[in-house]
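Listed here are the chains, written in short residue letters.
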Amino acid sequence: TTGFFQAKPQLTNQYHEDHAFRRALDLFLPAQTRTSIDSEFSQLGDKVLSPQVLFWLRDAEVHQPTLVLRDSFGSPRNELITSEGWRQLQDFGFREGMVATGYEGKYGHHTRVVQFAKIHLFAGSSSTVTCPSAMQDGAAKLIMTFLADGRANDPTLEAVLQRAYKRLTSRDPTFAWTSGQWMTERTGGSDVSGTETRATPLSESQIHADDAWTASDGSPLGPFSVDGFKWFSSATDANMCFFLAKTPTSERVSLFFGPVRRLKGDSLEFNGIFPQRLKNKLGTKALPTAELELKGMRAYMLGQEGAGTKEISPILNITRVYNAVSSVGSMARGLAISRAFARVRTVAGGQPLMNTPAHVRSMAIQHVEYRGQTMIVYFITYLLGITEHSSSTSQPNSPLLENSAWTAPLLRILTPVVKAMSAAAAVDGLRACMESMGGLGYLENEDVELNVAKIYRDTNVLTIWEGTTDVLAADTVRVLKGRGAEQALKALAGWAQNIVRNHESKFGLSLKRVIVEIQDLVTLVQRKNPHELLYLGRDLLDSISWIVITLLL
Ligand code: MFK
Ligand code: FAD
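Here the structure is a predicted model, which is why all the values come from computation and not from measurement. (Residues numbered from 1 in each chain as written. Chains lettered and ligands numbered in written order. Predicted model: local features only at pLDDT ≥ 70, side-chain atom pairs only at ≥ 80, totals over all residues. Heavy atoms only, no water.)

## Structural notes on the site of ligand 2
Taken together, 20 residues lie around ligand 2, and Gln181, Met183, Thr184, Ser190 and Thr468 are the ones closest in. Here glycine 189 contributes a backbone N or O atom positioned 2.7 Å from an oxygen atom of ligand 2. Expressed as a share of its isolated accessible area of 970 Å², the protein-covered part of ligand 2 is 63%. Put simply, the parts of the chain that give the shell around ligand 2 at least two residues each are strand 3 (179-182), strand 6 (224-233) and helix 16 (469-481). (Near = heavy atom within 4 Å. Polar contact = N/O pair within 3.5 Å; in protein donor to acceptor, adjacent residues only side chain to side chain. Areas by Shrake-Rupley, 256 points an atom, 1.4 Å probe, with all protein chains shown as cover. Helix = DSSP H or I, 4+ residues; strand = E, 2+ residues; numbered from the N terminus.)

## Some details on the nonpolar core
With 140 residues, the main nonpolar core has Phe242, Phe379 and Trp495 as its most contacted residues. At 17 residues, helix 11 (residues 308-344) tops the list of elements feeding residues into this core. When sequence neighbours within four positions are dropped, the list of residues in contact with phenylalanine 379 reads Phe28, Leu400, Leu410, Leu414, Trp495, Val548 and Leu552. Core analysis: the second largest hydrophobic core is formed by 18 residues, Leu67, Val260, Phe270 and Ala299 among them. (Core = buried A, V, L, I, M, F, W, Y, C linked by side-chain atoms within 4.5 Å. Buried < 20%, exposed > 50% of the residue type's maximum accessible area, 1.4 Å probe, protein only. Contact = heavy atoms within 4.5 Å.)

## A short note on the pattern of salt bridges
The tally for this structure, following the rule as stated, stands at 32 salt bridges. Between aspartate 26 and arginine 34 there is a salt bridge whose closest N-O contact spans 2.6 Å. Residue lysine 454 pairs with glutamate 61 through a salt bridge whose shortest N-O separation is 3.0 Å. With a gap of 393 residues between them, lysine 454 in helix 15 (residues 452-459) and glutamate 61 in helix 4 (residues 51-62) connect regions that are remote in the sequence. Accessibility expressed as a relative area gives 4% for lysine 454, which makes it buried. Taken together, the salt bridges that share partners define one network made up of Arg112, Asp137, Lys141 and Glu388. (Salt bridge = Lys/Arg side-chain N within 4 Å of Asp/Glu carboxyl O.)

Here's what the structure looks like:
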């Protein structure tokens, strides 16, 4: 093998190289916080590209999860096997506080910005362990809110939840838990009203008959027995899960919570859960997404019976933020690979691609899209942190958010908008990154950190799970036309008009086009009925995200 070989592109520390990422941190973090995280982030930027982490990433991709349903002698085994690399990446995530940072509160209002910046840097090296992390975080948030509101009126349930919360927010890999979120059934994932899973309350004697079995932390198993079929379970290796089921007394779904495994003596087994098969997917190959049959799974009901979708919505809203951060994190890695390639690849005329105007123009278009998405994604992490760390009198004094009444409604409207738009942008962006590397971009690159094709495959799911684009558009319409609609529209328009005024007076910018767009949006929402707006849902997403991105850029 003589002749030319392309020099290998070299990825550099993205905390230092990625201008859009740094701009988002500069915009949403106060200077003091920015300085105090500098060293940790610089190290994290190195770690996610270190030989150790890349070895785990490669191992997780090569040794995909398997299900052992029977042993060689025909006896049932019911065992899920994940790779060493996958487990090590999860442990790395725990140690680095990918979830825990969000609950340690070290950075006050800015805690969530800091936490999600870690996910952003990790995304391209994570082999999607960030998916169970997302549900772990959602579960922690739900439990935290539930306990804070005094809604666990049963002492056993309260103790079980408190113990779970400690594990969900821990940095210790030997103690920390991830969680699953099981909503989707064969009847539908967008609309869960056709849920077939049934939860039946057990009598005292039935509960105590099984007392020898506990959750893996020693907690009692729960007073409901659950039977049904969950069509998609991504965190099948999780320690616990939140899920929807119907009760004998309500045809509407309720929220349940239970351990995924149960323990008796030395024996640890699935808690009445029987994985049927692993899904054969386009991407996210290391993630153990399974179909699960539930037969006698023990669980607790949480919250109001029949209000399961509302009760589970704190998880949905957190995992949608993760989805958005993963979208920009994946774009970030794709663009870093594309830039590294352009530095070493020479094309006709002997010029490196980096000096080829047409190529640089194409890359610039992708970078502008990434920058816009990054700004709006960090805006929702900023809003989330404020809602979690503020009383009405202790909002940060920031020109980005002058009226504290805007925070919660803005977060509620923008979460589905940003989830939908960032995911679509990431798929388009990664396709373009592949193209920017020519044939090499299409290959399953042996150097896993440069495998943009894998990131592209993985990214496609971001538009589907946690709500497809049209379903998220419908969620936006639910906010803009439902109860509290007037307050929501006021917050969005008020915030945007305020930023326009600030920009015009501070920078002398003329933002007439934005003002027209805001007015058109308000008129559209007010004039159309919900059915008409549902039809125009994607236009709404487009218009809202365009306004916000323009004002944040
Ligand atoms: C690495 C990336 C990280 C991400 C990892 C993710 C891993 C993937 C895992 C999954 O995919 S898990 C499954 C996710 N499934 C979805 O996202 C379901 C998509 N469908 C919806 O979101 C539907 O809108 C929904 C199922 C919620 C519709 O249910 P309903 O019962 O028909 O809703 P309805 O009746 O309109 O609303 C019921 C109540 O819930 C209302 O409150 P009120 O009763 O007070 O009026 C709604 O306002 C409220 N609600 C619904 N969605 C909400 C919400 N409240 C707050 N936030 C929301 N998002
Ligand atoms: P459907 O709901 O049947 O949707 C099909 C099409 O109909 C879509 O294009 C949708 O946009 C459209 N549609 C549906 N309703 C409307 C409407 N009202 N208005 C306009 N259009 C509509 N789920 C879990 O619960 N837990 C998991 O861990 C999990 N992991 C997953 C992992 C992977 C890799 C994948 C691919 C999915 C996972 N899911 C999980 C399921 C995922 O959340 C669902 O696939 C998703 O919510 C869509 O549901 P569905 O597949 O039933 O499609």
